[in-house]
Amino acid sequence: MRHGFAIGAAVIAAGLVLQWAVGAVRWQDFAWPVNIAVLAVFVIAALIGTALSRRYSPLRFLATLPAAVPAICYGVALTMIMGLTRQTADGTWLSDMLTFWPFVLTYSYIAFILALTTLRRLRRLRHPRLSDIAFVLNHAGLLIALLAGTLGNPDMRRLKIITNLNAPERRAMDEEQRIVQMSIAIKLDRFIMETYPDGSPRRFASEVSIIDRDGKNVQATVEVNRPVRIGSWKLYQYGYDTKAGAESRISILELVQDPWLPAVYAGIFMMLGGALLMFFLSNKPKDQRHAVE
Amino acid sequence: MLWNNFIYFAIVAVVMWAGGAYMAWRDKRNSAFTATAIGLAVFFAYICFMWGALERPPLRTMGETRLWYSLFLPMAGLAVYARWKYKWILTFTTIMATVFVCVNIFKPEIHSKALMPALQSPWFAPHVIVYMMAYAILGAATLVAIYQLLRKTTVGDGEATLVRTGWAFMTFGMLFGALWAKEAWGHYWSWDPKETWAAITWLAYLAYMHYTHMPRHNRTLAQWMLIAAFCLLQMCWWGINYLPAAKGISVHSYGS
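Residues numbered from 1 in each chain as written. Chains lettered and ligands numbered in written order. Predicted model: local features only at pLDDT ≥ 70, side-chain atom pairs only at ≥ 80, totals over all residues.

A. Spatial organisation of the overall build of chain A. The helix and strand tally for chain A stands at 7 helices and 8 strands. Relative to the compact-globule value of 19 Å for 293 residues, chain A shows a C-alpha radius of gyration of 24 Å, a clear excess of over 25%. In chain A, which comprises 293 residues, the share counted as buried stands at 34%. Considering only contacts within chain A whose residues lie at least 6 apart along the sequence, 59% involve residues at least 24 apart. (Helix = DSSP H or I, 4+ residues; strand = E, 2+ residues; numbered from the N terminus. Rg over C-alpha atoms; globule rule 2.2 N^0.38 Å. Buried ≥ 20, exposed ≤ 12 C-beta atoms within 10 Å, placed from the backbone. Contact = placed C-beta atoms within 7 Å.)

Take a look at the structure:
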C-alpha cells in the first residue's frame, strides 16, 4: 500500500503546483464540446492502460486494492476539509474545493482507477457470476455518475423567471445575473398558497400558461416537488413574494436544462442495482462473494 | 399529548428488549427472539400511532429520526444474533436503543404538524427510513468491532458482512436523496454540507470494505477504521448542526 499512498501524494502535489501555476479550475472552460473531448481522452487512456497493463506492472498496480484504498483515503481526507471549511463560490484554494486542483485531480485519479478496475474485470469475464455483475454495476455505475455529473455540469443551465399575474414574461436571469431572452413566454394565471394554522406554508403552486414561439398556449401547474417538463427544460416552483404570502402577485420559477442527466441517471440506477445485489450477496457464504473486491 | 404516551410504549419495549438480551445470555434462543420481537412490535405500534396522529410520516425532526433508530437497532441486533449467535449483541443494541429512548423522553424536541412543501414527496419516507436502517446496522457493526478490540479476540467476520449490508442501505439512502433532490430543487447533488458529509461517510466505509478485502490486512487497524467511520457518520447525522462551516446553509437542518 506504500506505493498507493505515494502515488496519491504525488497526485495532490501535482494539484498544488497546478493551483499555484494556473489558478483554480475554470469549469466553465469545460463546456461542450471540451467536456466530450476530455471524456474521449479519458476513455482512450483507460483502454490503452488496460491493454498495456499486462506488460507494465505500474499500470497493473492501478487496478488493485493497494492502489484503491489509499486513493479513497485521500478522497475522504480532502472531502473532510471541504466539509469542515465554509465553501463559497468566490473562494480560493480550500474555501472552494470544487475548483481546487488537488481535489479535482484526486477524484480524477479515483475515476481512472475505477475505469481500469472495471475494464480489467470485464476483460476477465467469461462466465459472469452474480458477484461479477454486482462488481461491474457498482464500479461502472459510480464511474459513469461521477464523470457525467462532473463533466456535464458546465453544460447545465439554470434560469430564474419572475412571472407576473396575467402578463407574459420572456426574460429570465442566468446564474451570473445576466438577462436572457427566452424563446417562450410564461404567464402566471393564478398563485395558490395554503398554510398551516401556524402560518407556515403547507403548499404553494403556480398555474401558468406557457406560450411558445408560434403563439401556442400550454397550461400547467408548477409545484414544489412537481416540476413541469417543457421540451428539454424542466420548470420548477422556486419562490414567491413572501411578504405578500397568499396575496403574492408574482411567482419565481426556475428553468433547468441538464443534457447529461440521462447518463448520470444511468450511473445512479446501475449503482442502485449493484447495491441491491450486494445486499443479497452479503448474506451468502464468503466463497460466493466477490462483489466488492 | 402525543409524546406523553411515548413513555408507556417505551417502557414496555425496553423491558422486553432487556428480557430478550437476558435470555440470549442464558442461551434460550427462542425466548430471546420472542421477547425482542414483542418489544419491536410495541415500539413500532407507537410509531404507527404517531404517524396517524401527525397525518404525516414521523421522519422530520431529530426526535422522530431517533425513534426509528431506536426501532432499527434491536432489529439489527436480532438479525446479527440469528446469523452469528453473538450472545452479547442484544445487550448492546438494547443499551444503545435505551439511550436514544431516554433522549426522546427527556428532550423530545416536539414539533408542530407542519411539513414544509419540499418534504412532501414520495421519496421522503424511503430516503430517511433506509438511512436510519443503515445507521443502525453500521452501529451494530461498530459494537462488534469495539467488543473485539476490548476483548482482544476476533470472532468470524460478522462486522465486515454487517458493513456490506449497511453500506448497501446507505447507497440506497444517498441515491434516493439524489433522485428526490432533482425533483425538489432542480439538481441531484449540490454539495450541501449534509451531502458533503454523506459522501465522506460513504467513502469512509468504502475504504474499510476495500481494505478488509485485502488478504493480509491488519484486523485491529480495520476495527479502528470502523470506529472512525462511525464517528464521521455521527457528524453527518447530527454533528453538522453544530458545525460553524455548515451553519445556516444546509437544507437538511432538522426541526425549525
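B. Region of the structure containing the overall build of chain B. Along its length, chain B carries 8 helices and 0 strands. For 256 residues, the compact-globule formula gives about 18 Å, and the C-alpha radius of gyration of chain B, at 19 Å, lands near that figure. Along the three orthogonal principal directions, the C-alpha set of chain B runs to about 50 × 45 × 30 Å. Burial statistics for chain B: of 256 residues in total, 49% are counted as buried. The long-range share in chain B, meaning contacts at least 24 apart out of those at least 6 apart in sequence, stands at 75%.

C. Highlighting the pairing of strand β4 (residues 201–211) of chain A. Residues and elements named next belong to chain A. Examined bridge by bridge, strand β3 (residues 179–195) and β4 share 10 bridges and lie antiparallel to one another. Residue pairing in the sheet places L188 in a bridge with V208 of β4. Pairing geometry for β4 and strand β5 (residues 217–223), over 7 bridges, is antiparallel. The residue of β5 that forms the bridge with S206 is V222. (Pairing = 2+ DSSP bridges.)

D. Expanded view of the interface of chain A and chain B. Between chain A and chain B, the residue contacts involve 40 residues of the former and 38 residues of the latter. Mapped by element, the contributors of at least two residues to the side of chain A that touches chain B are α4 (65–84), β4, β8 (250–257) and α7 (261–281) of chain A. The biggest single contributor to the side of chain A that touches chain B is α4 of chain A, with 12 residues. For the side of chain A that touches chain B, the class distribution of residues is 25 nonpolar, 9 polar and 6 charged. (Nonpolar A, V, L, I, M, F, W, Y, C, P; charged D, E, K, R; others polar.)

E. A look at the confidence of the model for chain A. All names here are of chain A. Scored by pLDDT, chain A comes out at a mean of 93, with 96% of its residues at no less than 70. The weakest mean pLDDT in chain A belongs to β4 at 93; the strongest belongs to α4 at 98. In this model residues 287–293 is a low-confidence stretch, pLDDT under 50, and it forms 19 contacts with partners more than four residues away in sequence or in other chains. (pLDDT = per-residue confidence, 0-100.)

F. Inspection of the domain arrangement of chain A at higher detail. When its domains are assigned, chain A resolves into domain 1 (2–155 + 267–288) and domain 2 (158–257). Inter-centroid distance (C-alpha atoms) of domain 1 of chain A to domain 2 of chain A is 38 Å. (Domains from an automatic or database assignment.)

G. Main features of the nonpolar core. Grouped together as the largest cluster of nonpolar side chains are 155 residues, with contacts concentrated most on A136 and A207 of chain B. When residues of this core are assigned to their parent elements, the largest contribution, 17 residues, is made by helix α5 (residues 124–151) of chain B. (Core = buried A, V, L, I, M, F, W, Y, C linked by C-beta atoms within 7 Å.)

H. Fine view of unusual backbone geometry. In this model, W32 of chain A is joined to P33 of chain A through a cis peptide bond whose omega is 0°. If you check the backbone angles, W93 of chain A has positive phi at about 45° while not being a glycine. As for its placement among the helices and strands, W93 of chain A is situated in the loop between α4 and α5 (101–124). With 16 C-beta atoms packed within 10 Å, W93 of chain A lands in the partly exposed category. At E55 of chain B, a residue that is not glycine, the phi angle is positive and equals roughly 60°. Of note, E55 of chain B is situated in the loop between α2 (29–54) and α3 (62–84).

I. Structural view of helix α8 (residues 219–237) of chain B. Residue and element names in this part refer to chain B. Taking 1.5 Å of rise per residue, the 19 residues of α8 would be expected to cover 27 Å, and the 27 Å separating its terminal C-alpha atoms lies within 8% of that figure. Taken together, the buried positions of α8 are occupied by Q223, M225, L226, A229, F230, L232, L233, M235, C236 and W237. Buried residues along α8 sit in contact with α5, α6 (158–185) and α7 (193–213). (Expected span 1.5 Å × (residues − 1).)

J. Quick look at the packing of α7 of chain B against α8 of chain B. Residue and element names in this part refer to chain B. Packing of α7 against α8 brings their axes to within 9 Å, and their N-to-C directions diverge by 170°. Regarding the angle of α7 to α8, the classification is roughly antiparallel. Judged by the sense of rotation from one axis to the other, the crossing of α7 with α8 is left-handed. Counted together, K194, W197, A198, I200, T201, A204, Y205, A207, Y208, Y211 and T212 of α7 and A222, M225, L226, A228, A229, L232, L233, M235 and C236 of α8 form the full contact between these two elements. Per-class residue counts for the contact of α7 with α8 are 17 nonpolar, 2 polar and 1 charged. (Axes fitted to C-alpha atoms, helices over the stretch in contact; angles between N-to-C directions. Parallel < 35°, antiparallel > 145°, perpendicular 65-115°, else oblique. Left-handed = near helix turned anticlockwise from the far one by under 90°.)

K. Spotlight on helix α6 (residues 130–152) of chain A. When the terminal C-alpha atoms of α6 of chain A are compared, their 31 Å separation across 23 residues agrees well with the 33 Å that a helix rising 1.5 Å per residue should span. Burial of α6 of chain A is extensive: 18 of the 23 residues sit out of reach of the surface.

L. Region of the structure containing the domain arrangement of chain B. Residues and elements named next belong to chain B. With domains assigned, chain B is organised as domain 1 (1–63 + 84–108) and domain 2 (120–246). Its C-alpha centre places domain 1 at a distance of 22 Å from the equivalent point of domain 2. Facing 10 residues of domain 1, the contacting portion of domain 2 comprises 10 residues. Mapped onto the side of domain 1 that touches domain 2, the elements with two or more residues apiece are α3 and α4 (89–106). With 4 residues, the single largest contributor to the side of domain 1 that touches domain 2 is α4. The residue makeup of the side of domain 1 that touches domain 2, split by class, is 9 nonpolar, 1 polar and no charged.

M. The arrangement of the environment of R219 of chain B in detail. Residues and elements named next belong to chain B. With respect to the helices, strands and loops of the structure, R219 is situated in helix α8. Take R219: there are 14 C-beta atoms within 10 Å of it, and that puts it in the partly exposed class. Distance in space between the C-alpha atoms of R219 and T154 is 8.3 Å, their sequence separation being 65 residues.

N. Quick peek at the packing of α5 of chain B against α8 of chain B. All names here are of chain B. At a minimum axis distance of 9 Å, the contact between α5 and α8 shows a crossing angle of 145°. When you trace α5 past α8, the crossing you get is left-handed. On the side of α5, the interface is formed by Y135, L138, G139, A141, T142, A145, I146, Q148 and L149, while α8 contributes T220, Q223, L226, I227, F230, L233 and W237.

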